[in-house]
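Next come the chains, spelled out residue by residue.
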Amino acid sequence: MSNRFDDKVVLITGGASGLGQAAAFQVAKEGAKLSLVDLNSDSLEETKELIRKEAPEAEVLLITADVSKEEDVKNYVKQTTDRFGKIDGFFNNAGIEGKQNPTEDYGSDEFNKVVGINLNGVFYGMKYVLEVMKKQGSGAIVNTASVGGIRGVGNQSGYAASKHGVVGLTRNSGIEYGQYGISIKAIAPGAIMTPMVENSLKQMGGDNWEEAGKEFVSVNPMKRFGKPEEVGSLVSFLLSDEAAFINAAVIPIDGGQSYKY
Ligand code: NAD
C-alpha cells in the first residue's frame, strides 16, 4: 500500500483504546506523525509501545486531556501544532456509552456527562482544529457518531442525543468549511468489539456477557461484531486525500444493521 500519510500529521482523541487506537495503528503504518489524546495516560503509553512495534519510524506525541473541558481541547490542539506545525487529519472520536436506562430513570447528571464528552467534546475539537485547518487551506475531519446517532436504539437518552448531535454538527460544519478545502465527515459504527462494547455487554448480561454478545449479534445481517481494524481502515481512507470529496456525509460501518427493517 502507498504511504498515504507521508509528511502528514494526524490528531486522534480517544487514541488509547478501541477505534481510536486502531485508526492510530493504520495511519502510523501509512506514514503519519501522530498526536494521541486520551484521559488515560497509562493506556496512551501502552499504545505508543504497540505503535512502535507496527510502525517503528512513527513520531508519536501523547497528550493527557479531557475532551469535555474546553481549555484541555484548546491545549491539545496547541501542543500538536507546537510540535508538528500543522494538522492534516483529525479523528474526533473520544466518547463513552454511559449507563443504560429508560428515559425517566436515565438521570440528569448522567445525561449531562455523556453529552459533555460525546457532543461538547466533538464541538470543541472542531472549533479549535478548524482554526488551524482554515489557515492551512486543507484538512480532513472524521467525527465518531454511531448507529445510535442515526436510529433509535433505546435505553440510551444521553448517547442518542449526543450521537445525533454529532451527525448534525458534521452536516452543518461540512457545509461551512468545504470552501476552504476541508472535508468533515462522520462514521456511524454498529457494534464493534472494543472495551466499550465489552462493558456494555457486561451491563446487559453480567457474568454471561459472552452469551449476551452472541444474542446481540444474532440480529446483525453478518452475524458478528465488527473489528476495530475494520473501522481503522475506513477512518484512514476518510482522512486521506483519496476521500477529499466526501464531505458532510455520515458513513455507516455496521454489517448492514442500520438498513434492516
Ligand atoms: P473505548 O472505550 O475502547 O475507547 C474510548 C477511549 O476514549 C478510551 O481510551 C477512553 O479513555 C477515552 N475517553 C473517554 N472519555 C474521554 C474524555 N472525556 N476525554 C478524553 N478521552 C476520553 O471505546 P470505543 O469503542 O473505541 O469508542 C470510541 C468511539 O466510538 C466513541 O465515541 C463511541 O461512542 C464510538 N462508537 C463505538 C462503537 C463500538 O461498537 N465500539 C459503536 C458506535 C460508536
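Anything mentioned here points back to the structure above.
My aim in this report is to walk through the structure given alongside it, one point at a time. It should be emphasised that the depicted structure is a prediction, and the values quoted were computed from it without experimental measurement.

Once that is clear, we can look at the site of the ligand. The ligand sits among 29 residues. The nearest are Gly14, Ser17, Gly18, Gly95 and Met196. Broken down by secondary-structure element, the contributors of at least two residues to the shell around the ligand are helix 1 (18-29), helix 5 (108-136) and helix 7 (195-205). Residues that form the shell around the ligand fall into these classes: 13 nonpolar, 14 polar and 2 charged.

A word on the sheet that holds strand 3 (residues 60-64). Where strands meet in a sheet, backbone hydrogen bonds hold them as pairs that are either parallel or antiparallel. Spatially, 7 strands are ordered 3-2-1-4-5-6-7 in an open sheet, and the strand pairing comes out parallel. The open sheet has two edge strands with one neighbour each: strand 3 and strand 7 (250-253). On average, each strand axis in the sheet is tilted by 15 degrees relative to the strand beside it, whichever way the strands run. With 4 bridges connecting them, strand 4 (residues 89-92) and strand 5 (residues 139-144) associate as parallel partners. Among the inter-strand pairings, Phe91 is bridged to a residue of strand 5, identified as Val142. Its contacts with the sheet put helix 2 (residues 41-54) on strand 2 (33-38) and strand 3, and the angle it makes with strand 3 is roughly 170 degrees. Where helix 6 (residues 157-177) meets the sheet, its contacts fall on strand 5, strand 6 (182-189) and strand 7, and the angle it forms with strand 6 comes to roughly 160 degrees.

Reading the values: the criteria
- Residue positions are given per chain, counting from 1 as you read along its sequence in written order.
- Whole-chain, interface and lining totals are the exception, using all residues; otherwise, since this is a predicted model, local features are given only for residues with pLDDT of at least 70 and side-chain atom pairs are given and counted only at 80 or more.
- Any residue whose backbone-placed C-beta atom lies within 6 Å of a molecule or strand is treated as near that molecule or strand.
- Put simply, DSSP H or I for four residues or longer makes a helix, DSSP E for two residues or longer makes a strand, and each gets a number counted from the N terminus.
- Each residue gets one label: Ala, Val, Leu, Ile, Met, Phe, Trp, Tyr, Cys and Pro are nonpolar, Asp, Glu, Lys and Arg are charged, and the others, such as Gly, are polar.
- A pair of strands is treated as paired once DSSP finds two or more bridges between them.
- Angles here are taken between N-to-C directions and fall from 0 to 180 degrees, while the axes themselves are lines fitted to C-alpha atoms, restricted in helices to the stretch in contact.
- Remark: residues whose backbone-derived C-beta atoms lie within 7 Å of one another are considered to be in contact.

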